[in-house]
Amino acid sequence: MVTSHGIATAATPAKQDLGATMPPNYIARPGELQTFELPAQVTGTPTDVELGKALVDAWRSDGILQISMKDTKKSLMDEVFDASKGFFRKPHSEKAACVDSQSYSGYIASAEEITDGIPDYSEIFTVTKDLDLSEPRVRNHWPCHGPCPWPDLEMKDPMEQYMEYLGQSGEKLLQLIECGLGVPPGSLTKYTNDGWHHMRILRFPAVSNTNGKGKEGRGIGSHTDYGLLVIAAQDEVGGSGLFIRPPSADEATANWEESAAGFHEDDSGWVYVPPMPDVFTVFPGDMMQYLTDSYLPSTPHKVGLNTRERFAFAYFHEPSFQSVLRPLPGYDGGQKPREGIHYGTHFTNMFMRNYPDRITSKRMIREDRRELLASPELRT
Ligand SMILES: O=C(O)CCC(=O)C(=O)O
Ligand SMILES: [Fe+2]
């Protein structure tokens, strides 16, 4: 049921069933997430303010919320899941050819990604801004800027449409969060002009069907993501694998200062995100935490392998690569660093940490590309 102001109560399965699909050997309590519906547009009406405050409250208590998927988008979801499955079914050599030496777009084999020094079993296709070799930023060797090595149009077309749609949802969410935080319109969206939005198309093998090179049972180790918003979707078939840690007064991360990878990985206190039909899950990233002085902390999460293979998408709604972010008015509590955070530097650091052996990281080092991150042209 959806109320007139977009605050919805999804038809949830009985409480005792919510944890039934949890990955084996994980201990967590099943979450009961709040579900919201996004309006056609956000103009700052009292209804928008009410919804924005409800989103902020949901994140502050649960660390994650759901937005319901428009009926008109359900066929697009079918298309992107089909395209993802079609890609991951290809022979290894075809998938492994999808890499680029200048961007981090493309294929990441199972056990190639490192979180907190340990290989993950996730198999991934990453999509960053697809810029061809003649694009000025690529010609000028900006770190992480380059083409996306799409395997074919069957993959490219639906994925681009999907990212476009999530881009619109991301902008609406930021506008609503501005309303909910009581900051002037544009305080968040000024950073997303030319946003460095990217996406991870993910496959997780069944727990009984891995290549033996990663950490047993683990899909992705505990981590926080880097930008403003994470908007995730998963198929419901294999059960979920996602666990999150709700905000807590005695737990703090600051991923740009000290790695949050591995945060409380094996401790209690995790919440299982049960699979729900026709919703996206949304939670804040590192830059939202910095801007709000941890009023909206970046949500730690991890993924476990389930009894069946699982397909998922994680879309990241981000500031522009060039952005230097500064505390929001009313949320400047002296958070560090005082000079602001350059998002492109944070992104580059995180990707080099996750993929130290990738051709892209090696070229970055060989060509000293990171030096450019300090130049005024890359900081606006
Ligand atoms: O599999 C998921 O649901 C989330 C994946 C994730 O955390 C990521 O790609 O950063
Ligand atoms: Fe993540």
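Structural data are supplied above this passage.
These numbers were taken from a predicted model, which means no experiment stands behind them. (Residues numbered from 1 in each chain as written. Chains lettered and ligands numbered in written order. Predicted model: local features only at pLDDT ≥ 70, side-chain atom pairs only at ≥ 80, totals over all residues. Heavy atoms only, no water.)

K.L.:
Explanation requested: the pattern of salt bridges in the structure shown.
P.N.:
A side chain with one charge can pair with a side chain of the opposite charge if their charged atoms come near. Within the structure shown, the criterion is met by 19 salt bridges. Of the charged contacts, one joins Glu251 and Arg245 as a salt bridge, the two residues approaching to 2.8 Å between their closest N and O atoms. Taking the shortest distance from any N to any O, the salt bridge between Arg338 and Asp332 comes out at 3.2 Å. For Arg338, a relative accessible area of 46% translates into the label partly exposed. The exposure class of Asp332 is partly exposed, given its relative accessible area of 45%. Sharing partners across several salt bridges, the network here consists of Lys95, Glu123, Arg203 and Glu309. (Salt bridge = Lys/Arg side-chain N within 4 Å of Asp/Glu carboxyl O. Buried < 20%, exposed > 50% of the residue type's maximum accessible area, 1.4 Å probe, protein only.)

K.L.:
I keep staring at the coordination of the iron ion (ligand 2) and nothing clicks. Help me out?
P.N.:
Each angle at a metal carrying four tetrahedral donors should ideally be 109.5 degrees, and each at a metal carrying six octahedral donors should ideally be 90 or 180 degrees. At the metal site, the iron ion (ligand 2) is ligated by His223 (NE2), Asp225 (OD) and His301 (NE2), and these contacts range over 2.1 Å. For the iron ion (ligand 2), all donor residues lie on one chain, and their spacing in sequence is H-x1-D-x75-H. Of this pair, His223 sits in strand S10 (residues 218-223) while His301 sits in strand S15 (residues 301-304), and the two are 78 residues apart along the sequence. Comparing His223 with His301, the two get one shared label, buried. (Donors = N, O, S within 2.8 Å, 3.2 Å for Na, K, Ca; no water. Helix = DSSP H or I, 4+ residues; strand = E, 2+ residues; numbered from the N terminus.)

K.L.:
I would appreciate a short explanation of the nonpolar core in the present structure.
P.N.:
Proteins that are soluble and globular tend to have nonpolar side chains buried together. Residues Trp59, Phe125, Met159, Tyr162, Ile177, Ile201 and Phe280 are the most contacted members of the largest nonpolar core, which totals 95 residues. Of all the elements, helix H5 (residues 153-181) adds the most residues to this core, at 12 residues. (Core = buried A, V, L, I, M, F, W, Y, C linked by side-chain atoms within 4.5 Å.)

K.L.:
What's the story with the environment of Met287 in this structure? I'm lost.
P.N.:
Tracing the sequence through the fold places Met287 in helix H6 (residues 286-291). According to the relative accessible area criterion, Met287 is buried, its value standing at 0%. Considering only alpha carbons, one finds Met287 and Tyr343, 56 residues apart in sequence, at a separation of 7.8 Å. Not counting residues up to four positions away in its chain, the partners in contact with Met287 are Tyr226, Gly227, Leu228, Trp256, Pro319, Leu325, Ile341, Tyr343 and His346. (Contact = heavy atoms within 4.5 Å.)

K.L.:
Help me understand the site of ligand 1, please; the structure alone is not making it clear to me.
P.N.:
Within the structure, ligand 1 sits among 13 residues, and Arg200, His223, Asp225, His301 and Arg310 are positioned closest to it. Take Arg200: an N or O atom from its side chain is 2.8 Å from an oxygen atom of ligand 1. Between ligand 1 and the protein, one listed contact pairs an oxygen atom with a side-chain N or O atom of His223 at 3.2 Å. Contact with the protein chains removes 98% of the 300 Å² of surface that ligand 1 exposes when unbound. (Near = heavy atom within 4 Å. Polar contact = N/O pair within 3.5 Å; in protein donor to acceptor, adjacent residues only side chain to side chain. Areas by Shrake-Rupley, 256 points an atom, 1.4 Å probe, with all protein chains shown as cover.)

K.L.:
Teacher, can you tell me more about the environment of Phe351 here?
P.N.:
If you trace the backbone, Phe351 turns up in helix H7 (residues 343-354). The exposure class of Phe351 is buried, given its relative accessible area of 3%. Residues in contact with Phe351, not counting those within four places in the same chain, are Tyr104, Thr126, His198, Tyr226 and Ser361.

K.L.:
Looking at this model, I keep getting lost on the state of the cysteines. Mind explaining?
P.N.:
Covalent bonding between the sulfur atoms of two cysteines defines a disulfide. Within the structure shown, the criterion is met by zero disulfides. With no disulfide of its own, Cys98 has Cys148 as its nearest cysteine by sulfur position, at a separation of 8.3 Å. Here Cys98 falls in the buried class, since its relative accessible area comes to 5%. (Disulfide = S-S within 2.5 Å.)

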